Amino acid sequence: AAGVIQSPRHLIKEKRETATLKCYPIPRHDTVYWYQQGPGQDPQFLISFYEKMQSDKGSIPDRFSAQQFSDYHSELNMSSLELGDSALYFCASSCLFAGMGEQFFGPGTRLTVL
Amino acid sequence: AQTVTQSQPEMSVQEAETVTLSCTYDTSESDYYLFWYKQPPSRQMILVIRQEAYKQQNATENRFSVNFQKAAKSFSLKISDSQLGDAAMYFCAYTAETSGSRLTFGEGTQLTVNP
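No experiment lies behind these values; they were computed from the predicted model shown.

Each value, and the rule that gives it
Residue indices follow the written sequence of each chain, beginning from 1 at its first position. Whichever chain is written first becomes A and whichever ligand is written first becomes 1, with later ones labelled in order. In keeping with the model being predicted, local features are shown solely for residues with a pLDDT of at least 70 and side-chain atom pairs are shown and tallied solely at 80 or more, while totals for entire chains, interfaces and linings include all residues. No hydrogens and no water enter the side-chain calculation; it runs on all heavy atoms of the structure. Each helix is a run of H or I in the DSSP string that is no shorter than four residues. Each strand is a run of E no shorter than two, and both are numbered from the N terminus. This radius of gyration counts C-alpha atoms alone. The globule rule is 2.2 Å times how many residues there are, raised to the power 0.38. The buried label applies to any residue whose accessible area, calculated with a 1.4 Å probe on protein chains only, is under 20% of its type's maximum; exposed applies above 50%, and partly exposed to all values in between. Only heavy atoms matter for contacts: two residues are in contact if any of them lie within 4.5 Å across the pair. With residues, only the protein chains shown are counted as cover, and all accessible areas are computed by Shrake-Rupley using a 1.4 Å probe. Residues counted as positive are Lys and Arg, residues counted as negative are Asp and Glu, and His and the chain ends are not counted. For this purpose, a charge sits on NZ of Lys, CZ of Arg, CG of Asp or CD of Glu. Note on aromatic contacts: the rings of Phe and Tyr and the six-membered ring of Trp form a pair at centre separations within 6.5 Å, being stacked when their planes are under 30 degrees apart, edge-to-face when over 60 apart, and tilted otherwise.

(A) Highlighting the overall build of chain B. For chain B, the count of helices and strands is zero helices and 12 strands. Order of helices (α) and strands (β) in chain B, N terminus to C terminus: β-β-β-β-β-β-β-β-β-β-β-β. At 14 Å, chain B has a C-alpha radius of gyration in line with the 13 Å of a compact globule built from 115 residues. Structurally, chain B occupies a C-alpha span of about 45 × 25 × 20 Å along its principal axes. Buried positions account for 50% of the 115 residues belonging to chain B. Counting contacts in chain B only where the partners sit at least 6 residues apart, residues at least 24 apart contribute 55% of the total. For chain B, the accessible surface area stands at approximately 5,500 Å², while carbon and sulfur atoms represent 45% of it. Across chain B, 9 positive and 12 negative side-chain charges occur, with their mean positions spaced 4 Å apart.

(B) Just the packing of aromatic side chains, in detail. Taken as a whole and judged by the stated rule, the model has 15 aromatic pairs over all chains. A ring pair is formed by Phe105(A) and Phe105(B), whose centres lie 6.4 Å apart and whose planes are at 65 degrees; its orientation type is edge-to-face. Of the two residues, Phe105(A) sits in strand E10 (residues 104-105) while Phe105(B) sits in strand E11 (residues 104-105), which places them in two different chains. With relative accessibility at 7%, the residue Phe105(A) sits in the buried group. The exposure class of Phe105(B) is buried, given its relative accessible area of 6%. Ring plane angle 35 degrees and centroid distance 5.4 Å describe the contact between Tyr32(B) and Tyr94(B), whose orientation is recorded as tilted.

Next up, the structure:
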């Protein structure tokens, strides 16, 4: 079965640089979620999109922005990177008819900011 | 705001034995969903089991079962016949439609399985 795809899997950036993370949801899934998991921490919700519209916003810094495109893939854009942005970034997708809250996670993108 | 608490940062169990991981949550909602996710060293988030709040029957998935106590806002995970492959970080998570369907996670419990 198709799973959530995230690219790149690993990313190394310098402070103050920008990064773009991509997420390709499971086919026919209409909702995408982004989570940030710092070292030794639980995942924290950043933002979500339903049918290409932002549906919910969590603790996402103003330096970050995201969008969902017509083919349902989503991108998380991160600017002016800081050391504290080093984390594992998960994308998850769900379908309204798959049951409330059942989110399927991608393998994550490990971002390292030097 | 909804909160999820896992009071056991670490747990260990002998292979083939049973272990219970604890989770409590706080919410004013009556309709919500609870989950246990497993995160092995690969860091992949794997759904283990889910429970709908309106269902009184405890969910079961093979060796994994939950004890859902709605009044006490408790949601524990029991792993029977523990296997070496069960070793992982386990996260309890909550979601409700009123919270935008975002998942709120507990701090996690690191489970070690001893041979």
